[in-house]
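Structure assessment
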Amino acid sequence: MANDSKTWRCGKYELSFDRPRIMGVLNVTPDSFSDGGEHFDPDAAIEYGLAMLDAGADIIDVGGESTRPGFTPVNPDEEARRVLPVVRALAKEGAIVSIDTRHVAVAKAAVRCGASIVNDVTGFTDPKMVEFVATSTCGVIVMHAGEVAAPARTHATVQLDTSAAAFVAEKAREAAAEAAREAEKPARRRRGKLLGEPKTEAKLPGGVVQPSLPFGDPEPAPEPTGEQKQETPAAEQAAPAAEAAATPEPAPEPSDHLAAMMRRSARREEAYVPTSQLRRFTLPDSAPIMRRVMGFLSDQARALIHAGVSRDRICIDPGPGFGKTANEDIVIQRETAKMASLGYPLMCAVSRKRFVGAVSGVTEAAERDAATFGVCLGAIQAGANIVRVHDVTGFAQFLNGYWAVAKPQPRRAFVAVGSNLGHRCDNIRAARDMIAEIPLTCVSNCSRIYESEPAYETRQDAFANAVIEIKTELAPLVLLDELMKIEAELGRDRSKKAKVNGPRTIDLDLLWMDGETHGGKKLRLPHPLIGERDFVLVPLEDLMHDPARFFRYNGVEVKEPGDRVGHIVGELGRM
């Protein structure tokens, strides 16, 4: 299950998987398959990325090149122009940003701008990409993109011709071939074998013997000699030319390997027609499919480790939709537990894919979110750790509802409480009692109440401050909404006309939550100002040993007491 001991190190961040993590899809492209053009403008993309964070996304996956079937490859310079402003702005707001690219130059630039994860759809098959991530600290996502079925042999269509001219021509070809064989027969044998017999083995450079295999393409027929050309009827020579003129030339394959593979995949889906042959099973055999997918993911992960990438930085993704039919994608999703057993964080990236439409009967990609949630739930139950979705708001609600009922999971959190209007201590105690009434939440400990100097806005009355330790099973954003309701009920003015750090009846800040890292405008975890607030760090000393050391270990910069704001000046009593 997702609540396991795996962790994923991504630069300065560390993601735990005591609950599934949500990756929001942000396509800064004009042609993505379900939302192309909606966020092509950088400002619109940044706004949408922040909205996804506020809706519950843990990671934002930014991509500047569509890889849908039939996509047009994008120049790395153009891709970088699209994504870098977005990556920079989201990282500045504390977001964990993933750059979805297969170009090493774009990956390098994005990491310099603050990206913490490189999501390579080609699975780090480019040695230059491997070399780059080995010298960085970013997280990596190894994705499988390619066909998983063995290539089928193609058979030429045979057209029977029963005309007399064809019969005569066939007899002439047979006579010519017999004459050629007789002319080439050697006059003697060596060791019981004719010298002119065809060889069954060929030597490759370096002396390696390559045996003849029955699965390759047939050998090309030898060019006819001048005499044979003369013996061939003119009508027969003209037939191939007529066929060539009547048959349109196929569209040239793109030179880009990924684009060529996705074009072949689309053609496979479009060209599939049912035959009269009956099948015994509804899906293809899973063994050869999973050997290819899991073999590739394991091999690439080991190659990264050998190159110097630590194991706890690697996540794997089976790449649904990339070179795979709907049947193959279903087989792979049903084997999620096997992929999870490899020991790496596992991504489920099925959002709005073709096979989701096939199993749900929904044609329009943008309308497949409900079906996507169902597939994702099955993957989570089988061990997937990260879910990549387009509709973050809907999936966050879906996941919170499911997790609250299915997975009892109380976690520790700290809430800072302050007041400098009215009866300050009574306001703090009222807030404590109301916090204890929040669903799936209890108050486990409280600090003493301290008096402190006002911070930031110094021309106001002194504050009463405390910290409350709670246990909760709510998601951080859901808990924050409950805290905001308490503020409103106790008379906190959060309108635009009120000063952000001015006088207030009550102020509730979610400081820290076990296993949670979050960025955005609405909530930052850990709270970015913990380390400079004396009126927070001193009350925390009542609840834990050495809070400064604790938060430094969790990546928070903590200032020395003399450099802090809002210094404690006295004690006002117990909670």
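Residues numbered from 1 in each chain as written. Predicted model: local features only at pLDDT ≥ 70, side-chain atom pairs only at ≥ 80, totals over all residues. Heavy atoms only, no water.

Thoughts on the sheet that holds strand 7 (residues 139–143)
Rules: By the convention used here, strands pair only if DSSP detects at least 2 bridges between them. Put simply, DSSP marks the helices as runs of H or I at least four residues long and the strands as runs of E at least two long, and each gets a number from the N terminus on. Should any heavy atoms of two residues lie within 4.5 Å, those residues are considered in contact. Angular values range over 0 to 180 degrees, each being the angle between N-to-C directions of two axes fitted as lines to C-alpha atoms, with helices fitted over their stretch in contact.
Here we have eight strands laid out as an open sheet, ordered 12-7-6-5-4-3-14-13, and parallel in their pairing. In this open sheet, the two strands that pair with only one neighbour each are strand 12 (314–317) and strand 13 (347–348). With five bridges connecting them, strand 3 (residues 21–27) and strand 4 (residues 59–63) associate as parallel partners. Residue V25 lies in a different strand from strand 4, and its bridge partner there is D61. Its contacts with the sheet put helix 9 (residues 286–307) on strand 7 and strand 12, and the angle it makes with strand 7 is roughly 150°. Sheet strands in contact with helix 13 (residues 369–382) are strand 13 and strand 14 (386–389), and its direction is about 170° off that of strand 14.

Things to note about unusual backbone geometry
Only a minority of non-glycine residues have a phi that is not negative, and only a minority of peptide bonds are not trans. In this structure, P526 follows L525 across a cis peptide bond, with omega equal to -10°. Among the structural elements, P526 can be located in the loop between strand 19 (507–513) and helix 17 (534–540). The phi dihedral of L440 is positive, around 60°, even though this residue is not glycine. Here L440 shows up in the loop between helix 15 (424–435) and strand 16 (441–446).

Observations regarding helix 1 (residues 42–55)
For clarity, the threshold we go by: To estimate the expected span of a helix, subtract one from its residue number and multiply by 1.5 Å. In the analysis that follows, any N or O atom pair within 3.5 Å is treated as a polar contact, provided that within protein one partner can donate a hydrogen and the other can accept it, and provided that, for residues neighboring in sequence, both atoms belong to side chains.
Taking 1.5 Å of rise per residue, the 14 residues of helix 1 would be expected to cover 20 Å, and the 20 Å separating its terminal C-alpha atoms lies within 8% of that figure. Residues of helix 1 that are buried in the fold lie against strand 3, strand 4, helix 2 (76–92), helix 14 (392–406) and helix 16 (476–489). Two or three places before D43, at the opening of helix 1, D41 has a side-chain oxygen 3.2 Å from that residue's backbone nitrogen. A positive phi of about 130° marks G56, the residue just after helix 1.

Focus on the pattern of salt bridges
Threshold: A pairing counts as a salt bridge when a side-chain nitrogen of Lys or Arg comes within 4 Å of a carboxyl oxygen of Asp or Glu. Under the scheme applied here, a residue whose accessible area is under 20% of the maximum for its type counts as buried, over 50% as exposed, and between as partly exposed, the area being computed with a 1.4 Å probe on protein chains only.
Following the criterion strictly, the structure yields 33 salt bridges and no others. The shortest N-O distance in the salt bridge between K521 and E93 comes to 3.1 Å. Placement of K521 in the loop between strand 19 and helix 17 and of E93 in the loop between helix 2 and strand 5 (96–100) is noted, with a sequence separation of 428 residues between them. Assessed through its relative accessible area of 18%, E93 is described here as buried. One salt bridge connects E516 with R411, and the closest N-O pair in it is separated by 2.4 Å. Taken as a pair, E516 in the loop between strand 19 and helix 17 and R411 in strand 15 (residues 411–419) lie far apart in primary sequence, 105 residues in all. Overlapping salt bridges bring together D18, R21, D58, R411 and E516 as one network.

Observations concerning the packing of helix 3 (residues 104–112) against helix 4 (residues 127–134)
Put simply, the rule is: The scheme is simple: roughly parallel for angles under 35 degrees, roughly antiparallel for over 145, roughly perpendicular for 65 to 115, oblique for anything else. Handedness of a crossing follows from how the near helix is turned relative to the far one, being left-handed for an anticlockwise turn of less than a right angle and right-handed for a clockwise one.
Orientation of helix 3 relative to helix 4, taken along the N-to-C sense of each, is 20°, at an axis distance of 9 Å. Judged by the inter-axis angle, helix 3 sits roughly parallel to helix 4. The handedness of the crossing between helix 3 and helix 4 is right-handed. On helix 4, the residues touching V104, A107, K108 and V111 of helix 3 are K128, M129 and F132.

Topic: the environment of G319
Considering the arrangement of structural elements, one finds G319 in the loop between strand 12 and helix 10 (326–334). Note on G319: relative accessible area 1%, which makes it buried. In the structure, G319 is positioned 196 residues away from G123 in sequence and 9.5 Å away in space, judged by C-alpha atoms. Filtering out sequence-adjacent residues up to four positions away, G319 remains in contact with M143, H144 and K324.

As for the side chain of E532
Positionally, E532 belongs in the loop between strand 19 and helix 17. Under the relative-accessibility criterion, E532 is labelled buried at 18%. A polar atom in the side chain of E532 sits 2.6 Å from the side chain of Y456. Beyond its immediate sequence surroundings of up to four residues, E532 is in contact with Y456, K559, R564 and V565.

So, the pairing of strand 4
Across a regular strand the side chains alternate sides, sitting on one face of the sheet and then on the other. A large share of strand 4 lies buried, amounting to five of its five residues. What you see with strand 4 is no split at all: I59, D61 and G63 on one side and I60 and V62 on the other are buried throughout. Examined bridge by bridge, strand 4 and strand 5 share five bridges and lie parallel to one another. Counted as the bridge partner of V62 is I99 from strand 5.

A word on the confidence of the model for the protein
What counts is decided by this rule: Values of pLDDT, ranging from 0 to 100, describe the predictor's confidence in every residue of the model.
When the pLDDT values of the protein are averaged, the result is 84; 77% of them are 70 or greater. Contacts of residues 187–222 to residues separated by more than four positions or lying in other chains number 19 contacts, the stretch itself having pLDDT below 50.

Remarks on the packing of helix 2 against helix 3
One can describe the packing of helix 2 onto helix 3 by two numbers: an axis separation of 10 Å at closest approach and a directional angle of 20°. As judged from the angle between their axes, helix 2 and helix 3 are roughly parallel. Note on packing geometry: the crossing formed by helix 2 with helix 3 is right-handed. Listed contacts from helix 3 to P76, E79, A80, V83, L84 and V87 of helix 2 are V106, A109 and A110.

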